[in-house]
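Residue strings, one per chain:
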Amino acid sequence: MNQITQRPAIGSAHSKLILLGEHSVVYGMPAIALPFPLLEVVSTVEEISDQITLICDYYRGPLGQVPQKLRGIASCISETLHILNQPQKGLLIRLHSSIPIGRGLGSSAAIAIAIVKSLFAFHRQNLEPEVLMSLVHKAETFAHGTPSGIDMAAALSDFPIWFQKGKQIRNLQLGGPLYLIVADTGHFGDTRAAVLSVRDKFRAYPESTQKSVNQLGVITLEARAALSTGNLAWLGSLFDQAQAELVDLGVSDDSINRLVDTAKKAGSLGAKLTGGGRGGCVLALAKNLAHAKRIANTLIKAGASNTWYFRLDGNG
Ligand code: MEV
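Here the residue numbering is sequential within each chain, running from 1 through the sequence in written order. The predicted origin of the model limits local features to residues at a pLDDT of at least 70 and limits the giving and counting of side-chain atom pairs to 80 or more, whereas totals for whole chains, interfaces and linings rest on all residues. As a convention, hydrogens and water are excluded, and side-chain values are obtained from all of the structure's heavy atoms.

**Some points on the pattern of salt bridges**
Selection criterion: By definition, a salt bridge exists where a carboxyl oxygen of Asp or Glu is found within 4 Å of a side-chain nitrogen of Lys or Arg. The helix and strand labels rest on DSSP assignments: H or I over at least four residues marks a helix, E over at least two residues marks a strand, and numbering proceeds from the N terminus. In this scheme, a residue with accessible area under 20% of its type's maximum is buried, one over 50% is exposed, and one in between is partly exposed, where area comes from a 1.4 Å probe on protein chains only.
In total, this model carries eight salt bridges according to the counting rule given. We note a salt bridge from Lys-138 to Glu-79, for which the minimum N-O separation is 3.0 Å. Of this pair, Lys-138 sits in helix 3 (residues 129-144) while Glu-79 sits in helix 1 (residues 71-84), placing them 59 residues apart in sequence. Of the residues examined, Lys-138 reaches a relative accessible area of 43% and is grouped as partly exposed.

In structure tokens, the structure reads:
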């Protein structure tokens, strides 16, 4: 691989958290999501005199030979170059990501955003928001099957958002700070499979599934009110109610339930899965930052592979 010296072009994007409304958002209910800038992905593009080469944690080699799990990334790169009207060769693309893959933290959306931004920057082309969204939506469809679009919207936002499919995305004002803990079960959660499992459940049990989806919609509406008044106790009880519905939908699992129970026993105001579930991460609400730190430590002792805790301020 002969590298040509030139400053690399850079694109980046941050992770996301779904506060409430995962899965029900696929069926038209509202959801609330947050940017999670503690974790991010950076894509750099340099010119080389060779075929397109990808370097990331999971692979190092020609784009045409990536393993199955990276095919979405490969197709995002090809599609972006096609839109840019550029040849499918002569590039070295490096991905540096601190977002764990398959943990419901929006890694696929963030990777796609970073790649598209870096390729447009490399070719010195202005990237219109609609073009970015259309390319990322295609990559997300590859990764998730039928994405609602919430992962992309949250990964592109610097504020908490109110999201409903087909409607305008709104920034949410918080009435007070939130103290949150994210705990990684260490188990890979396949969002595509989780979304498909809910679709199967809809076919097999339409009434009870619709009831859970509707209830998640009601919980999310109440959460908007709890957030705007900064009522943490209320918000916490809504986390618990949402988790019960997600268990009924079949998208929780033992690894999630164990961490949810641990967080509750450690005094969390509420705890639930976040993202697709069936592995992935748990989101818990604390009373203050010191409390969040204690809960995070307890979750690590209970087997969480990683935790993050933080304060989210009223203005985002
Ligand atoms: C995944 O982060 C959220 C889901 O609701 C799927 C989607 O909305 O695309 C499970």
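The rest of the description comes next.
**Some thoughts on the sheet that holds strand 11 (residues 306-312)**
How we decide: Whether two strands pair comes down to DSSP finding at least two bridges between them. The convention used is that axes are lines fitted to C-alpha atoms, helices contributing only their stretch in contact, and that angles between N-to-C directions extend from 0 to 180 degrees. Contact between two residues is taken to exist if any of their heavy atoms lie within 4.5 Å; hydrogens are not considered.
With antiparallel pairing, the four strands of this open sheet are ordered in space as 9-10-8-11. The open sheet has two free edges, formed respectively by strand 9 (270-274) and strand 11, since each of these has just one partner strand. Adjacent strand axes in the sheet meet at a mean angle of 20°, parallel and antiparallel pairs treated alike. Pairing analysis gives five bridges linking strand 9 to strand 10 (residues 281-286), with the strands arranged antiparallel. Each residue of the ladder has a partner; that of Thr-274, found in strand 10, is Cys-281. The strands touched by helix 7 (residues 232-249) are strand 8 (178-184), strand 9 and strand 10; relative to strand 9, the strand with the most contacts, the crossing angle is about 45°. Its contacts with the sheet place helix 9 (residues 289-301) against strand 8, strand 10 and strand 11, and it is angled at close to 170° to strand 11.

**Comments concerning the environment of Asn-214**
Along the polypeptide, Asn-214 turns up in helix 6 (residues 206-229). Judged by its relative accessible area of 34%, Asn-214 is partly exposed. Residues Asn-214 and Gly-28 lie 186 residues apart in sequence; the distance between their C-alpha atoms is 9.6 Å.

**Things to note about the domain arrangement of the protein chain**
Selection criterion: Each domain's limits were defined by an automated method or a database of domain assignments. Here the quantity called buried area is the total loss of accessible area, with a 1.4 Å probe, experienced by two parts when brought into contact, counted for both. Polar contacts, as used here, are pairs of N or O atoms within 3.5 Å; protein pairs need one atom able to donate a hydrogen and one able to accept it. Residues neighboring in sequence count only if both atoms are side-chain atoms.
Under the domain assignment used here, the protein chain contains domain 1 (9-163) and domain 2 (173-312). Placing the centre of domain 1 and that of domain 2 at their C-alpha centroids yields a distance of 25 Å. Taken together, the contact pairs 32 residues of domain 1 with 43 residues of domain 2. Roughly 3000 Å² is buried in total at the junction of domain 1 and domain 2, and carbon and sulfur atoms are behind 72% of that figure. The largest contributions to the domain 1 side of the interface with domain 2 come from Leu-20, His-23 and Arg-103, which together make up 23% of the buried area. Where domain 1 packs against domain 2, one counts two salt bridges. Here Glu-22 and Lys-272 are joined by a salt bridge, their closest N and O atoms 2.9 Å apart. One can count 11 residue pairs in polar contact (both at pLDDT 80 or more) joining domain 1 with domain 2. Among the elements of the structure, strand 1 (9-20), strand 2 (31-47) and helix 3 are those that each provide at least two residues to the side of domain 1 that touches domain 2.

**Topic: the environment of Gly-277**
Residue position: Gly-277 is located in the loop between strand 9 and strand 10. Separated by 231 residues in sequence, Gly-277 and Glu-46 place their C-alpha atoms 36 Å apart. Contact partners of Gly-277, with chain neighbours within four places excluded, come to Gly-189, Val-251 and Ile-256.

**Overview of the site of the ligand**
The cut-off we apply is this: Residue proximity to a molecule or strand is established when one non-hydrogen atom of the residue lies within 4 Å of it. In short, Shrake-Rupley with a 1.4 Å probe defines the accessible areas, and a residue's cover is counted only from the protein chains shown. Grid spacing is 1 Å over the protein atoms alone, the probe is 1.4 Å, and a cavity is where that probe fits but cannot get out, while a pocket is an open set with protein on both sides within 12 Å along at least five of seven lines and lining residues have an atom within 4 Å of a point. Pocket occupancy is defined atom-wise: a molecule lies in a cavity or pocket when more than half of its atoms are within 2 Å of its grid points.
Around the ligand, the structure places 14 residues, and the nearest of them are Lys-16, His-23, Val-25, Ser-148 and Asp-151. A distance of 2.5 Å separates an oxygen atom of the ligand from a polar atom in the side chain of Ser-148. One of the side-chain nitrogen or oxygen atoms of Asp-151 is found 2.8 Å away from an oxygen atom of the ligand. Taken by itself the ligand offers 300 Å² of open surface, and the protein chains cover 99% of this. In this structure the site holding the ligand corresponds to the largest pocket.

**Section: the packing of aromatic side chains**
Applicable threshold: Note on aromatic pairs: the rings of Phe, Tyr and Trp (six-membered ring only in Trp) are paired at centre separations within 6.5 Å, and the planes decide the class, stacked below 30 degrees, edge-to-face beyond 60, tilted for the rest.
Under the definition given, this model contains three aromatic pairs. Residues Tyr-27 and Phe-202 carry aromatic rings whose centres are separated by 4.6 Å and whose planes lie at 45° to one another, so their mutual orientation is tilted. Here Tyr-27 is found in the loop between strand 1 and strand 2, whereas its partner Phe-202 is found in helix 5 (residues 191-204), with 175 residues between them in sequence. Look at Phe-36 and Trp-308: their rings are 6.2 Å apart centre to centre, the planes differ by 90°, and that puts the pair in the edge-to-face class. Linking Phe-36 in strand 2 with Trp-308 in strand 11, this pair joins segments that are 272 residues apart in sequence. Classification of Phe-36 by relative accessible area gives buried; the value is 1%.

**Examining the pairing of strand 3 (residues 53-56)**
Strand residues, when the strand is regular, have side chains that alternate between the two faces of the sheet. Side chains Thr-53 and Ile-55 project from strand 3 onto one buried face, and the interleaved Leu-54 and Cys-56 project onto a second face that is buried too. Taken together, the four bridges between strand 3 and strand 4 (residues 59-62) define a ladder with antiparallel strand orientation. Within strand 4, the position partnered with Cys-56 by the bridge is Tyr-59. The hairpin turn running from strand 3 into strand 4, its antiparallel successor, is two residues long.

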